[in-house]
Amino acid sequence: RALGSGAMGGSASLIPRDALGEYQELTFLSKQEILVAYKRFSELLPKEERENACSTRVPKSHILTLPELRANPFQHRICHVFSTSETGDDSMSFEDFLDMLSVFSDSATSDIKAHYAFCIFDFDDDGTLDRKDLEQLVNCLTGQGEESQLSSVEMEQLIKNILEESDIDKDGTINLSEFQLVVSRSPDFARYGGLQG
Amino acid sequence: EDKEEDESKEEDYGSQQNRASRRKNYQRKNRDGKKAGEEESRKKDRGKSAPSKYQKESGNKEKKTTKKGKERENKQKKDRKNSTSSASSNSSDEESLSEEEMAMLMEQVEQKKKLISTMRNKPWRMVKKLSVLREAQAFVEKFEGALGKGKGKKLFAYKMMMAKKWVKFKRDFENFKTQCIPWEMKIKEVESHFGSSVASYFIFLRWMYGVNLVLFGLIFGLVIIPEVLMGMPYGSMPRKTVPRDEQETAMDFSVLWDFEGYIKYSALFYGYYNNQRTIGWLKYRLPMAYFMVGISVFGYSLMVVIRSMARNANESTGDGDDDNFIFSWKMFTSWDYLIGNPETADNKFASITTSFKESIVDEQESNKDENIHLRRFLRVLANVLIICCLCGSGYLIYFVVKRSQTFSKMQNAGWYERNEVEIVMSLLGMFCPPLFETIAALENYHPRIGLKWQLGRIFALFLGNLYTFLLALMDDVNEKLAEEDVVKNITHWTLLAHHNLSVGNDSTITPPPLDPADVPRGPCWETTVGIEFVRLTVSDILVTYITILVGDFIRACFVRFVNYCWCWDLEAGFPSYAEFDISGNVLGLVFNQGMIWMGSFYAPGLVGINVLRLLTSMYFQCWAVMSSNVPHERVFKASKSNNFYMGLLLLILFLSLLPVAYTIMSLPPSFDCGPFSGKKRMYDVIQETIELDFPLFVAKIFSYVANPGLIIPAILLMVLAIYYLNAVSEAYQRANAELKKKMQMQREEEKNKRNNKASTNPMLQDLEDLLTPSTKTESPPKEAEDKKIESPNRTSPVRKPGRGAVPDGSPMAGGRGASLTPPSQVFVTQPLPLGVRAPYPGQPRPWGHPAGPVPGRGRGQPRH
């Protein structure tokens, strides 16, 4: 995860100047961060494709080798949400990659973070968090191990409590605005995902 | 995709609305302008920044609508069509634009600019963002230049260019700034392995380094370097010379290591400085500078600590005591996205699971406590034990310091005797915290509360030790002061005797040819205090580093390599690897800083030592934590504990200010060393400067200001101001709590209503949807509706103020007004639902209707 702002990529000049300016305008990243991101991204590609890294897509399996995502329980969701691939193979272009880094960077606003967090937690992509989504979310958070999984009774209780708190319109699901309301008042959300790559 | 479409539509509507309102407004102005023939005012208007103008004017919009005629409406329609079509159609006749169109164009340009600057906040895909950005930029490029005419044009173009340059410069500066932050990569790496709590220690360390660097610059630049460069050279006077009987050993390492010998008579310590009023060709007032720097070290530190505390407090807007969403927060925000290490991730999984289980259990049986008496007894017992420990350690230190004073009088004291105080203090600091932790196991607190207790106890221990040390030191100083009087007399007599001798011989009137090394001198208690602090700091550094080396690194090596040939599993079993002790390290840092603050007045070189220490410990601890520590078993996120540390720092700063202030104000400085020698009190230097260097009236003013008759009222005034501000903030808090309660009540009612609604008839639901259309999508039809509504009201002026009072006429408020009016048609058929809605006429509905596809929109739309 050596994607801080300190190190500059060696092969930095491959992004055109004006594109670099536009990326700075459109993301929460600084120039150095974009360059480092570019370097990291092109390292994911095979050697012969590195020349035109801006226009190639990196398959999901390569994205997941990033140490930043390796340990993340939401890795598949993150890839899915940020990918613009039409074929649905969750591959990522450089611009998708930048989008992802921008959202996860420290300086991104909590609004946009909440928006994407909602997308990530919405496992079936139907625009609301329903019981199934919540269940899957809990399972993601408690890990794969047998002993750390919650029992079904506990799960039931937990989801009931969550819906009681957050489902303000009582339709059995949590929608985006409810989610944003809940999350915006959390004291921890400011540091939510300071991940930079 | 749907949502994105929505938002872009929204944007368009918004811009249309703005444009329309601006237009109306401008037309009116135009008319007025023609009447009055004031060309100038318009020009001035153009120069103003558009957004603010827009706000102001749209606020008045409602009033102006009354003046509008029919033909305006027609024009408007055309206008809207115009603007939605691509911008190219406007380009051909841009020269012939009328004033109103110009204004409109400018409005659009401003809008686009705003869009560009806020684009990154939109949850769009990069491709879309890029295309919108390019379009907007092209638009701005094209029309920006066309906006000014004649004279104004050049100025306008110039302004635009400067604005662009300024933006670019700001961005470059930001880039530069982020590049200048040191150790970002190192900290990020630690963060990914150990989570944000461990990283917060290193961030704190870095911050501390920055503060110390400033203090170092202050002291070195204004005190040490001037004295070294311009002051009297070494060996020219007694205070700058090693005494004769010490000269043989003054260069030995063992002597230097104790900060005796040459180091004692160097610029690192107070005693070296001369009391000459001005030095060098600059006429630099060194004693004055010394005093002011000593004060400003504290002033700057106070300012920095308080400022960063205030910033932290501002940042944590969401108040943690709001326990409405315990479960949801645990669910949605518990994952620390900074974790990049599988092992840490496993620990995090485990801790999340436990916290879920705990909270479920808490919920189920919140007040069930089977043996409360036993627990109470154990807690009391634990506290008694810990108080015993604290008293014991305090006494031990007092005893040791007393003993060291007798040792120091002995000539041939061994190494242990000379360093006993430091050794004992370091050992106490090393062994007491684990002891406290063991005792705290009796109490069975929740870990988070337990951590606070533990921190508080260690804090008390350190503080007690430090203050006992100071008290003992004070005894020492008093002894030295008595000794000094004797020496003073001796020197006096020596000089007198010599004088008599020279007078008797009638030879010369030259000063005594006594070598500076031979002059009898006082003990110089300030330097003694300074040396004490420097030694304490150095031994603290060594103990910390050795603890890390032995406790972490050697242990890790042992566990790692001996594990191959051992009877049990060392890694999982008894010694295992060490965890990074965040609280202990932070407290160590805080106390170290306290010592620096206390000692820096008497040992200006101490800050330099501290800067070195922080620099090395950054690298050393980073290396140690990465090489030989394991992530915490209970990985907890760093959230608001930052201000807790800052609070400790502030307390320490205050406590270290006390002894320094006491010595400055009430002890006489030594008669033969330091910048204040020969004065009764150290602060006399200020009086002297004022009397000698400032004109007479300043001295007069100063003497008036220093009059107790003025100071006491001033203090009283300040106390009253504090009282008043406190009362005001309390009132705000009460109001806040009141509002919160109100909101909660509203939420409850909302809930109830929703629950009821589910069972009521579909007719009601229809109505509900009509009543609360998503406000944003309603804005364009509002224009038309406004007119409809306003036309009957045109004659009634009573309505106007009420409407004008809507704060700055935001589309939100305007839309609300519009959306509330239509029901007049509905009332006829269904008067009942008014009762349902009535309690909240103006209540925004952030929850019920999201910006996305709303059930009611389908029905709300056809109305326009």
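Predicted, not measured: the structure shown is a model, and the values here were computed from it.

(A) Expanded view of the overall build of chain A. Looking only at helices and strands, one finds 10 helices and 2 strands in chain A. When the elements of chain A are put in sequence order from the N terminus, they spell out α-α-α-α-α-α-α-β-α-α-β-α. Sequence-distant contacts in chain A: of pairs separated by 6 or more residues, those separated by 24 or more amount to 57%. On chain A, roughly 7,600 Å² of surface is accessible, and the fraction owed to carbon and sulfur atoms is 50%.

(B) Region of the structure containing the pattern of salt bridges. Residues and elements named next belong to chain A. Counted under the stated rule, the structure contains 15 salt bridges over all chains. Here R77 ties to D125 by a salt bridge, and the two come within 3.2 Å at their closest N and O atoms. Of this pair, R77 sits in helix α5 (residues 75-82) while D125 sits in the loop between α7 (110-121) and β1 (128-129), and the two are 48 residues apart along the sequence. The exposure class of R77 is buried, given its relative accessible area of 9%.

(C) Just helix α19 (residues 582-599) of chain B, in detail. Residue and element names in this part refer to chain B. Under the 1.5 Å per step criterion, the end-to-end length of α19 is 26 Å for 18 residues, consistent within 8% with the ideal 26 Å. Among the 18 residues in α19, 16 count as buried, and that is most of the element. N-capping of α19 is provided by D581, with a side-chain oxygen placed 3.2 Å from the backbone N of G584.

(D) Structural context of the UniProt feature "transmembrane region" (unreviewed entry) in chain B. Taken from the UniProt record, the annotation "transmembrane region" (unreviewed entry) applies to residues 207-229, 288-306, 380-401, 421-442, 454-474, 601-623, 644-665 and 701-725 of chain B. From the first C-alpha to the last, residues 207-229 of chain B spans 31 Å; its make-up is 100% helix and 0% strand.

(E) View of empty space enclosed by the protein. All names here are of chain B. Going through the model one piece at a time under the given rule, you end up with 15 cavities of 30 Å³ or more. Computed from the structure, the largest cavity encloses a volume of approximately 120 Å³. Taken together, L470, L473, M474, V477, W525, V529, F533, M598, Y602, P659, V660 and T663 make up the lining of the largest cavity. Contributions of two or more residues to the lining of the largest cavity are made by α17 (447-505), α18 (525-562) and α21 (641-666). Among the residues making up the lining of the largest cavity, the classes are represented as 11 nonpolar, 1 polar and no charged.

(F) Geometry of the packing of α18 of chain B against helix α20 (residues 606-628) of chain B. Residue and element names in this part refer to chain B. The geometry of α18 relative to α20 is characterised by a closest axis approach of 11 Å and an angle of 10° between their N-to-C directions. On the basis of the axis angle, α18 is roughly parallel to α20. Residues F533, V534, T537, D540, I541, T544, Y545, I548, L549, D552, F553 and A556 of α18 lie in contact with α20, whose contacting residues are L606, I609, R613, T616, S617, F620, Q621, W623, A624, S627 and S628. Of the residues belonging to the contact of α18 with α20, the class tally is 13 nonpolar, 7 polar and 3 charged.

(G) Fine view of helix α6 (residues 94-104) of chain A. Of all 11 residues in α6 of chain A, 11 are buried, a share of seventy percent or more. Buried residues of α6 of chain A: F94, E95, D96, F97, L98, D99, M100, L101, S102, V103 and F104 of chain A, and no others.

Rules used throughout
- Residues numbered from 1 in each chain as written.
- Chains lettered and ligands numbered in written order.
- Predicted model: local features only at pLDDT ≥ 70, side-chain atom pairs only at ≥ 80, totals over all residues.
- Heavy atoms only, no water.
- Helix = DSSP H or I, 4+ residues; strand = E, 2+ residues; numbered from the N terminus.
- Contact = heavy atoms within 4.5 Å.
- Areas by Shrake-Rupley, 256 points an atom, 1.4 Å probe, with all protein chains shown as cover.
- Salt bridge = Lys/Arg side-chain N within 4 Å of Asp/Glu carboxyl O.
- Buried < 20%, exposed > 50% of the residue type's maximum accessible area, 1.4 Å probe, protein only.
- Expected span 1.5 Å × (residues − 1).
- Polar contact = N/O pair within 3.5 Å; in protein donor to acceptor, adjacent residues only side chain to side chain.
- UniProt positions renumbered as here; feature names shortened; annotations may be inferred.
- 1 Å grid on protein atoms, 1.4 Å probe; cavity = no way out; pocket = protein on both sides within 12 Å on 5 of 7 lines; lining within 4 Å.
- Points joined across faces, edges and corners; volume = space filled by probe spheres on them.
- Nonpolar A, V, L, I, M, F, W, Y, C, P; charged D, E, K, R; others polar.
- Axes fitted to C-alpha atoms, helices over the stretch in contact; angles between N-to-C directions.
- Parallel < 35°, antiparallel > 145°, perpendicular 65-115°, else oblique.

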